[in-house]
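Chain by chain, the residues run as shown.
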Amino acid sequence: KDIFFIHGVYHGCWCWEEDFLKKFRDNGYNIHCPNLREYTEKDHKESLLLTYTEHLHRIVKKCGQKAIVAVHSA
C-alpha cells in the first residue's frame, strides 16, 4: 500500500511527521513525502508547480497500483 503526503505552501514534509508519517509507516504503508521546497531554487517560478506535479506523477506511476494521496493546503 502506497500513500503520498503532499504538503502545502510554506510547509515541508515536517508538517506530516509528528501525527501521520510514523503511524502510517508502522501500519504497513509505503510512505512517500516529496518535498516541494527542493524545486524552489533550481526551477523557474512559472514552472515550479508543473515541475512538481510531473515529478509526483512519475513517482505514482512507479508504484504500479492505486495509491492514496493526502494533500495539505496549496
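Please read these numbers as outputs of a predicted model, since none were measured by experiment.

Participant: How should helix α2 (residues 48–63) be read in this particular structure?
Facilitator: Turn by turn, an α-helix covers 3.6 residues, leaving residues three or four places apart pointing in a common direction. In this model α2 runs 23 Å from its N-terminal to its C-terminal C-alpha over 16 residues, within 8% of the 22 Å that 1.5 Å per residue would give. Within α2, burial applies to L48, Y52, L56 and C63. What you see down the axis of α2 is that its buried residues fit within an arc of 60°, all on one side. Exposed side of α2, more than 90 degrees from the buried face: L50, K61 and K62 are the residues found there. Contacts from the buried residues of α2 go to β1 (2–6) and β2 (30–32). With its phi angle positive at about 75°, G64 sits one or two positions after the end of α2.

Participant: Explain the sheet that holds β2 here, please?
Facilitator: With parallel pairing, the 3 strands of this open sheet are ordered in space as β2-β1-β3. Looking at strand neighbours, the two that pair on one side only are β2 and β3 (68–71), the edges of this open sheet. Recorded for the sheet is a direction-independent mean angle of 20° between the axes of neighbouring strands. Looking at chain direction, β1 and β3 are connected through 4 bridges and run parallel. Bridge pairing in β3 places F5 opposite A70. Sitting on the sheet, helix α1 (residues 14–26) touches β1, β2 and β3, and the angle it makes with β1 is about 175°. Sheet contacts for α2: β1 and β2; angle to β1, the most-contacted strand, approximately 170°.

Participant: What exactly am I supposed to notice about the packing of aromatic side chains here?
Facilitator: Given two aromatic rings, one states the distance between the centres and the angle between the planes to describe the pair. For the coordinates displayed, the defined rule picks out 5 aromatic pairs. With a centroid separation of 6.2 Å and 45° between ring planes, the pair formed by F5 and F20 is classed as tilted. Taken as a pair, F5 in strand β1 and F20 in helix α1 lie far apart in primary sequence, 15 residues in all. F20 sits in the partly exposed class, given a relative accessible area of 34%. Three or more aromatic residues link up through ring pairs in this structure, and these residues are F5, W16, F20, F24 and Y29. Above the ring of Y29, the side-chain terminus of K1 is found at 4.8 Å from the ring centroid.

Parameters and conventions
Residues numbered from 1 in each chain as written. Predicted model: local features only at pLDDT ≥ 70, side-chain atom pairs only at ≥ 80, totals over all residues. Heavy atoms only, no water. Helix = DSSP H or I, 4+ residues; strand = E, 2+ residues; numbered from the N terminus. Expected span 1.5 Å × (residues − 1). Buried < 20%, exposed > 50% of the residue type's maximum accessible area, 1.4 Å probe, protein only. Arc of directions from axis to C-beta. Contact = heavy atoms within 4.5 Å. Pairing = 2+ DSSP bridges. Axes fitted to C-alpha atoms, helices over the stretch in contact; angles between N-to-C directions. Phe/Tyr/Trp six-rings, centres within 6.5 Å; stacked < 30°, edge-to-face > 60°. Lys NZ or Arg CZ within 6 Å of the ring centre and 35° of its normal.

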